[in-house]
Amino acid sequence: MTTTPGPDEIVSDLVRAARGLPVRRTPVWFMRQAGRSLPEYRALREGVEMLTACRTPELVTEITLQPVRRHGVDGAILFSDIVVPLHAVGVEVDIRAGVGPVMARPFRSRADLARIPALTAEMIPDIAASVADITAELGPVPLIGFAGAPFTLASYLVEGGPSKNHERTKALMHGDPGLWHDLCARLAEISGAFLEVQVAAGASAVQLFDSWAGFLSRRDYREFVEPHSARVLHRLARTGVPRIHFGVGTGELLADMAAAGADVIGVDYRTDLPSAVSRTQGQYPVQGNLDPALLFAPWDVIADQVRRILDEGAAAPGHIFNLGHGVLPQTDPDVLTKVVELVHEKGSSAPQM
Ligand code: CP3
């Protein structure tokens, strides 16, 4: 385990912003920056299953580095998927193009817990190898590790795949709270172990994706979800790397997601950054939050939005520029490069180190 480095020892703007320290210029990366928006990604993936790609270190390394080379972003995110740790413990899961993760046998009863054993480092030597190779190639550019949060993982397990309403998940949560908490406790162990392996191998920050938490009421979030995410985030506190906590449509939950043990609040595009800052008492650096669909608008429109978000982010203790959710597959990658250039140019007037 490492200890938190002092302010002068942190070199990357991304980690500095995540710690609320002054930066040279506002750091920027994009959720789903590695993936289908890039022709070089589509070429590498030709004929290779998604999960096979995620478990092959040469491919993971190359795909993770592609957007860094092309766009000059300030951080890489490990090319993987939130179901990879479930796959690693033996859950039968497939990632279908255009659909997402699909379970062979959805989680239905207590007996199904036995099919989800704890994750140990020995089960994912490929992930450690990928992270080591990537960080060696990246040099000073930080690698962001990630995992799915217990609720979002539970939703995929219980629904058996992507869900519009998460009705089976909510039925289990309220109908059998004991089983729900046992499932989420197991998933918190798995997420925590998955992140620890990434940090031990060289990741400089982590992001916990609770993608579907925005489907929950605040009351349900607090009772059924937050304690499990908190377990993951608190476990990671020992590693000393900053922890970003993100979900989609989570405007009502931001204070609770912060309280769960985040260092940075990921803000989706539905909540403006000033509201996110005030909902978290101005205590947290923020990440976000350009609407990914706006990347299809004329450049002048995009540039105005980027400038607005940079101005708004300057009011937070730190700002990492990002989209408000992942890059859409049809996005023109040249537009992403231009956004990076504009953030770097305009973001140099941020408070200087
Ligand atoms: O660049 C990056 O952000 C790193 C890679 C990454 C992927 N998935 C690659 C991927 C990350 C961080 C994820 C996390 C992930 N996976 C989340 C949380 C983030 C979020 O979007 O909220 C979720 C919910 C998943 C589950 C998942 N996997 C979905 C919904 C899909 C899309 C299905 C589709 O085809 O539209 C996937 C597949 C997936 N994950 C792809 C990629 C590049 C597409 C697979 C392909 O190329 O065919």
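About the thresholds
- Residues numbered from 1 in each chain as written.
- Predicted model: local features only at pLDDT ≥ 70, side-chain atom pairs only at ≥ 80, totals over all residues.
- Heavy atoms only, no water.
- Near = heavy atom within 4 Å.
- Polar contact = N/O pair within 3.5 Å; in protein donor to acceptor, adjacent residues only side chain to side chain.
- Areas by Shrake-Rupley, 256 points an atom, 1.4 Å probe, with all protein chains shown as cover.
- Helix = DSSP H or I, 4+ residues; strand = E, 2+ residues; numbered from the N terminus.
- Contact = heavy atoms within 4.5 Å.
- Buried < 20%, exposed > 50% of the residue type's maximum accessible area, 1.4 Å probe, protein only.
- Right-handed = clockwise from strand over helix to strand, strands pointing away.
- Lys, Arg positive; Asp, Glu negative; His and termini not counted.
- Salt bridge = Lys/Arg side-chain N within 4 Å of Asp/Glu carboxyl O.
- Pairing = 2+ DSSP bridges.
- Axes fitted to C-alpha atoms, helices over the stretch in contact; angles between N-to-C directions.
- Parallel < 35°, antiparallel > 145°, perpendicular 65-115°, else oblique.
- Nonpolar A, V, L, I, M, F, W, Y, C, P; charged D, E, K, R; others polar.
- Phe/Tyr/Trp six-rings, centres within 6.5 Å; stacked < 30°, edge-to-face > 60°.

Caption draft 1: Up close: the site of the ligand. The environment of the ligand is made up of 27 residues, and the closest members are Arg-32, Tyr-41, Asp-81, Gly-98 and Ser-211. At 2.6 Å from an oxygen atom of the ligand is found a side-chain nitrogen or oxygen belonging to Tyr-41. In the model, an oxygen atom of the ligand is placed 2.8 Å from a nitrogen or oxygen of the Arg-45 side chain. With the chains in place, 91% of the 870 Å² that the ligand exposes on its own is no longer accessible. For the shell around the ligand, the secondary structure elements donating two or more residues are helix H2 (39-45) and strand E3 (100-103).

Caption draft 2: Looking closely at the environment of Ala-262. Here Ala-262 lies in the loop between helix H11 (254-259) and strand E7 (264-266). What Ala-262 contacts, discounting residues up to four positions off in sequence, is Leu-233, Arg-243, His-245, Met-257 and Tyr-284.

Caption draft 3: Representation of unusual backbone geometry within the structure. In the segment running from Gly-288 into Asn-289, the intervening peptide bond is cis, with an omega of -10 degrees. Looking at the element boundaries, Asn-289 is found in strand E8 (residues 286-290). Backbone geometry at Arg-32 places phi at a positive 60 degrees, although glycine is not the residue there. The residue Arg-32 is located in the loop between helix H1 (13-18) and H2 in this model.

Caption draft 4: Just the pairing of strand E9 (residues 319-323), in detail. Burial runs high along E9: 5 of the 5 residues are buried. Regarding the hand of the β-α-β motif, the stretch spanning E8, helix H13 (residues 299-313) and E9 is right-handed.

Caption draft 5: Focus on the side chain of Arg-16. Here Arg-16 shows up in helix H1. No salt bridge is formed by the buried Arg-16, whose closest oppositely charged neighbour, Asp-13, lies at an N-O distance of 5.0 Å. For Arg-16, the side chain forms a polar contact with the main-chain oxygen of Ile-10, separated by 3.0 Å.

Caption draft 6: Just the sheet that holds E8, in detail. One open sheet holds the 7 strands; their spatial order is E1-E4-E5-E6-E7-E8-E9, and the pairing between them is parallel. At either margin of the open sheet sits one strand with a lone partner, and together these are strand E1 (76-77) and E9. Pairing between E8 and E9: 5 bridges, direction parallel. Residue pairing in the sheet places Gly-288 in a bridge with Phe-321 of E9.

Caption draft 7: Examining the packing of helix H7 (residues 150-159) against helix H8 (residues 167-175) more closely. At a closest axis distance of 8 Å, the pairing of H7 and H8 adopts a crossing angle of 105 degrees. Compared by their axis directions, H7 and H8 come out roughly perpendicular. Contacts between H7 and H8 involve Phe-151, Ser-155, Val-158 and Glu-159 from the former and Glu-167, Arg-168, Thr-169, Leu-172 and Met-173 from the latter. For the contact of H7 with H8, the residue count by class is 4 nonpolar, 2 polar and 3 charged.

Caption draft 8: Region of interest: the packing of aromatic side chains. Applying the stated criterion to the full structure yields 4 aromatic pairs. Here Phe-146 and Phe-209 contribute two aromatic rings whose centre-to-centre distance is 5.5 Å and whose plane-to-plane angle is 90 degrees, an arrangement assigned as edge-to-face. Taken as a pair, Phe-146 in strand E4 (residues 143-148) and Phe-209 in strand E5 (residues 205-209) lie far apart in primary sequence, 63 residues in all. The buried category is assigned to Phe-146, whose relative accessible area is 5%. Since its relative accessible area comes to 13%, Phe-209 is described here as buried. Relative to Phe-246, the ring of Phe-209 has its centre 6.1 Å away and its plane inclined at 85 degrees; by these criteria the two rings are edge-to-face. Separated by 37 residues along the polypeptide, Phe-209 in strand E5 and Phe-246 in strand E6 (residues 243-246) bring together distant segments of the chain. By relative accessible area, which is 0% here, Phe-246 ends up buried. Feature note: the residues Phe-146, Phe-209 and Phe-246 constitute an aromatic cluster, connected by ring pairs.

Caption draft 9: Highlighting the side chain of Glu-159. With respect to the secondary-structure elements, Glu-159 resides in helix H7. Although Glu-159 lies buried, it forms no salt bridge, and the closest oppositely charged side chain, Arg-168, sits 5.0 Å away as judged by the N-O distance. Here the side chain of Glu-159 touches Glu-167 through a polar contact of 3.3 Å, landing on its backbone nitrogen. Aside from chain neighbours lying at most four places away, what touches Glu-159 is His-166, Glu-167, Arg-168 and Thr-169.

Caption draft 10: Representation of the packing of H8 against helix H9 (residues 177-200). Look at H8 against H9: their axes get within 5 Å of each other, and the N-to-C directions meet at 115 degrees. As summarised for this structure, H8 and H9 are arranged roughly perpendicular, according to the angle between their axes. Judged by residue contacts, Thr-169, Leu-172, Met-173, His-174 and Gly-175 of H8 engage Pro-177, Leu-179, Trp-180 and Leu-183 from H9.

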